[in-house]
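# Coordinate analysis (summary)
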Amino acid sequence: MNPLRRPPAFGRSAVLGRAVARVRAVLPSRRTLAGMGRSPRRDLVAGLTVAIVALPLALGFGVASGAGAEAGLATAVVAGALAAFFGGSELQVSGPTGAMTVVLVPIVHRYGTSGVLTVGLLAGVLLVAAALGGVGRFMAYVPVPVVEGFTVGIALVIGLQQLPAALGVRAPGASNVLVSAWDAAAGFARAPHPAALGLAAGVAAVMLLGARLRPGLPFSLVAVVAATLAVRFAGLDAATIGHLPSGLPAPSLSFLHPGAVPQLATAALAVAALAALESLMSATAADAMSAGERHDSDRELLGQGIANLVAPLFGGVAATGAIARTAVNVRSGAVSRLAALVHAALLAVVVFAAAPLVAGIPLAALAGVLIATAVRMVEVGSLRALARSGRGEAAIMLLTAGATLAFDLVTAVLVGLLVAGALALRQVARSAALTRVDLHEGPPPAGVDLPAEGRGTIVAYRVDGPLFFAAAHRFLLELADTAEFQAVVLRLSRVSAMDATGARVLGEAIDRLADRGVLVLVSGVRPEHRRTLDALGVLDHLHGLGRVFPSAPEAISYAHHHLHRPGLLTGHTSHSRRRPG
């Protein structure tokens, strides 16, 4: 063996070394952690601001998920701290979100709180595995119409989920949000409770108007406090308004038996996929709002995975990066991940020291907070831009939003991706073209004589674009119907891509032309396409007859001299062998 060549490293130590290197690559570095001391005062102010905004959202999303307000707070504290410490974004704020609530509600209905905690653990494992496997970079390939579509769908689901609390009626047991909202509206029509509706509408109005007038102020907290005081001093009926449990009891820590894990695999995959997508979207938005910040996708997945692994152990639900809270963090002047850690610490103080102050918040007020949040999730400008960009993008967005309402988020994203892929495939297929070109197009190579005559017996076609299954049959079979010429030159130098179907259809077209006595010549086969053509034997016989050329002028010159040989000008030419099948 050559001593200068090192043998490939396939041993156990090499595999272990690569694994350790991969783990180190996604763990926080000393430089990352040292950055938390750059501007602690600004981070403290930003963390306080985010905590004030996050408190009613954590309570509301906890209640909306079915796990309870205490679970929402536990998630905001534990997941918020761990995702900030281990995550790949300096400015990301994590916690319970409306999108995750949409996924968790059906799990609560079917498996109870224990199912939600178990799904969170499984999702955490999947996210850690995705981070170690380098999956983060692929999340950027999700089309924008799909993202916008399921964002609109999530906003609609969140708003509809809050109708029972906003109308002061008992939440129906229907699993579909449309059916549940309809039942709640029917119940309100039979026995209306204007106080609950007034509270929810008032809180939502204060938040939406306040966001326009003074975006930096925490109007959600102001509205919730005002609603709580109004209920307390006006002596409204607690049975219709609804309140959080007194004292915020400790969240449940029961998990399902390991034998139930296979049943929860699909739900865990949905939670993990949503956590990855929403977190990376939020981190990208944070990069866009700040100067010089760039998140690490795989490290962010690791942070979310650890957060979702640990949060259920404290009674928390599945968490993800929160776009609204991240935006507040950036706009409040946050410089490093210290701001998100401060936000989690302040919420922990609320859990341990101020729980009596939180108890008694009207559920109708929290419903108003979430309805306003759902309204603000929809970016009207982005929707208009997509609608103007083309009917295809608008169709993808509407189908994804509709599937979110009718089915679930995973199904919605899959539908959006399939439709987007089909439209993209159609667009690519349309870019392929078969063009008849002039025989003397382009300068001839050195030593090649191109005659002026022969135009009535020889024709040249150039294939432009991809030659694959969606485009091949459309024009290559039309080519095979060309019978008025004695020689056809196929110029393949501009074929951008070729798959097995395209290669096979090319072979069929060559065979059909040859069966009618047409001399077929091929030129300009690119090196990257030879493997596919050789594997299927498409050009084997033409190679044997010397009818495959580097350039079109050489092929045209060959056709002219071949056809003008004695006895061949009007006779039949020898043609390619027909392949079986």
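An account of the accompanying structure is given in this report. These figures come from a predicted structure and were not determined experimentally. By convention here, each chain's residues receive numbers from 1 onward along its written sequence. The predicted nature of this model means local features are confined to residues of pLDDT at least 70 and side-chain atom pairs, given and counted, to a pLDDT of 80 or more, with totals for whole chains, interfaces and linings taken over all residues. To obtain the side-chain values, all non-hydrogen atoms of the structure were included, while hydrogens and water were left out.

With that settled, consider the overall build of the protein chain. Each helix is a run of DSSP H or I of at least 4 residues and each strand a run of E of at least 2, with the numbering of both proceeding from the N terminus. Looking only at helices and strands, the protein chain features 25 helices and eight strands. Here the protein chain holds 581 residues, and the buried ones make up 51% of them. Looking at the protein chain alone, contacts between residues at least 24 apart form 84% of all its contacts between residues at least 6 apart. Surface summary for the protein chain: the accessible area is close to 27,100 Å², and the carbon and sulfur share equals 63%. Note on exposure labels: buried denotes an accessible area under 20% of the residue type's maximum, exposed denotes more than 50%, and partly exposed covers the range between, all computed with a 1.4 Å probe on protein chains only. Any two residues having at least one pair of non-hydrogen atoms within 4.5 Å are treated as being in contact. Note on areas: Shrake-Rupley with a 1.4 Å probe; residue coverage comes only from the protein chains shown.

This part takes up the nonpolar core. By size, the foremost hydrophobic cluster in this structure holds 90 residues, and its most contacted members are Leu59, Leu104, Ile107 and Val271. A per-element tally of this core places helix α5 (residues 98-132) first, with 15 residues. Look past the residues within four positions of Ile107 in its chain and what remains in contact with it is Gly112, Gly115, Val116, Val119, Ala267 and Val271. Buried Ala, Val, Leu, Ile, Met, Phe, Trp, Tyr and Cys residues that are joined via side-chain atoms within 4.5 Å together make up what is termed a nonpolar core.

This part covers the pattern of salt bridges. A pairing counts as a salt bridge when a side-chain nitrogen of Lys or Arg comes within 4 Å of a carboxyl oxygen of Asp or Glu. The full count for this structure, using the stated rule, is four salt bridges. Put simply, Arg494 and Asp464 hold a salt bridge, and the shortest N to O gap is 3.9 Å. Here Arg494, found in the loop between β5 (487-491) and β6 (495-498), pairs with Asp464, found in strand β4 (residues 458-467); they are 30 residues apart in sequence, far enough to count as distant. Assessed through its relative accessible area of 46%, Arg494 is described here as partly exposed. The salt bridge partner of Arg526 is Glu528, with a shortest N-O separation of 2.9 Å. Exposure remark for Glu528: the relative accessible area of 46% places this residue in the partly exposed category. Each of Arg462, Asp464 and Arg494 takes part in one network of salt bridges that share partners.

Further remarks concern the packing of aromatic side chains. Any two rings among Phe, Tyr and Trp, with Trp reduced to its six-membered ring, count as a pair given centres within 6.5 Å; such a pair is stacked if its planes are under 30 degrees apart, edge-to-face if over 60, and tilted if neither. Under the defined criterion, the tally for this structure stands at two aromatic pairs. Both rings, one in Phe85 and one in Phe86, keep their centres 4.9 Å apart while their planes meet at 80°; by these two values the pair is edge-to-face. Considering the side-chain rings of Phe549 and Tyr558, the 5.3 Å spacing of their centres and the 50° angle between planes classify their relative orientation as tilted. For Phe549, a relative accessible area of 14% puts it in the buried group.

Each patch is built from residues lacking any salt bridge and having more than 30% relative accessible area; the joining distance is 9 Å for like charges and 5 Å for nonpolar side chains (Val, Leu, Ile, Met, Phe, Trp, Tyr). Residues Val23, Leu27 and Leu132 make up a contiguous nonpolar surface patch of about 200 Å² in total accessible area. Along the polypeptide, Leu27 turns up in the loop between α1 (12-26) and α2 (30-34). The class for Leu27 is partly exposed, based on a relative accessible area of 34%.

Tracing the chain through its elements places Gln304 in helix α13 (residues 297-310). Owing to a relative accessible area of 0%, Gln304 belongs among the buried residues under this scheme. With near-sequence residues (within four places) excluded, Gln304 lies in contact with Ala83, Gln92, Ser94, Leu127, Ser279, Ala319, Thr320 and Gly321.

Interaxial angle, 0 to 180 degrees, is taken between N-to-C directions of lines fitted to C-alpha atoms, where a helix line uses only the stretch in contact. Where helix α22 (residues 500-515) contacts helix α23 (residues 527-536), the two axes come as close as 10 Å, and the packing angle between them is 60°. Taken together, the axes of α22 and α23 lie oblique to each other. As α22 packs across α23, the resulting crossing turns out to be right-handed. Taken together, the residues of α23 that come into contact with α22 (itself represented by Ala500, Ala503, Arg504 and Leu506) are Thr532, Leu533 and Leu536. Polar here means any residue outside two lists: the nonpolar Ala, Val, Leu, Ile, Met, Phe, Trp, Tyr, Cys and Pro, and the charged Asp, Glu, Lys and Arg; Gly therefore counts as polar. Looking at the contact of α22 with α23 residue by residue, the class counts come to five nonpolar, one polar and one charged. The scheme is simple: roughly parallel for angles under 35 degrees, roughly antiparallel for over 145, roughly perpendicular for 65 to 115, oblique for anything else. Note on convention: the crossing is left-handed when the near helix lies turned anticlockwise from the far helix by less than a right angle, right-handed when the turn is clockwise.

Burial within β4 is extensive, with ten of its ten residues counted as buried. Should DSSP find at least two bridges between two strands, the strands are taken to pair. Pairing analysis gives five bridges linking strand β3 (residues 433-437) to β4, with the strands arranged antiparallel. Opposite Val437, over in β4, you have Ala460 as the bridge partner. Bridge count for β4 against β5 is five bridges, and the pairing is parallel. Along β5, the bridge assignment pairs Ala460 with Val489. Looking at chain direction, β4 and β6 are connected through three bridges and run parallel. Residue pairing in the sheet places Gly465 in a bridge with Val495 of β6.

Another aspect to go through is helix α6 (residues 144-161). What a helix should span is 1.5 Å times the count of its residues minus one. Along its 18 residues, α6 runs 26 Å from first to last C-alpha, staying within 8% of the 26 Å computed at 1.5 Å per residue. Burial of α6 is extensive: 14 of the 18 residues sit out of reach of the surface.

Once that is clear, we can look at the packing of α6 against helix α17 (residues 363-377). Viewed as axis vectors pointing N to C, α6 and α17 meet at an angle of 165°, and their least axial separation amounts to 8 Å. Regarding the angle of α6 to α17, the classification is roughly antiparallel. The element α6 and its partner α17 pack so that their crossing is left-handed. The segment α6 lies against α17, with Thr151, Ile154, Ala155, Ile158 and Gly159 engaging Leu370, Ile371, Ala374 and Met377. For the contact of α6 with α17, a count of residues per class yields seven nonpolar, two polar and no charged.

Quick look at the environment of Arg299 now. Its place among the elements puts Arg299 in helix α13. In this structure, the C-alpha to C-alpha distance between Arg299 and Gly136, residues 163 residues apart in sequence, is 8.3 Å. Once residues lying within four places of it in the same chain are set aside, the contact partners of Arg299 are Ala25, Val26, Leu27, Pro28, Ser29, Thr32, Phe86, Gly87 and Gly88.

Right, let's get into the environment of Ala364. With respect to the helices and strands, Ala364 occurs in helix α17. In sequence terms Ala364 and Ala166 are 198 residues apart; their C-alpha atoms lie 4.8 Å from each other.

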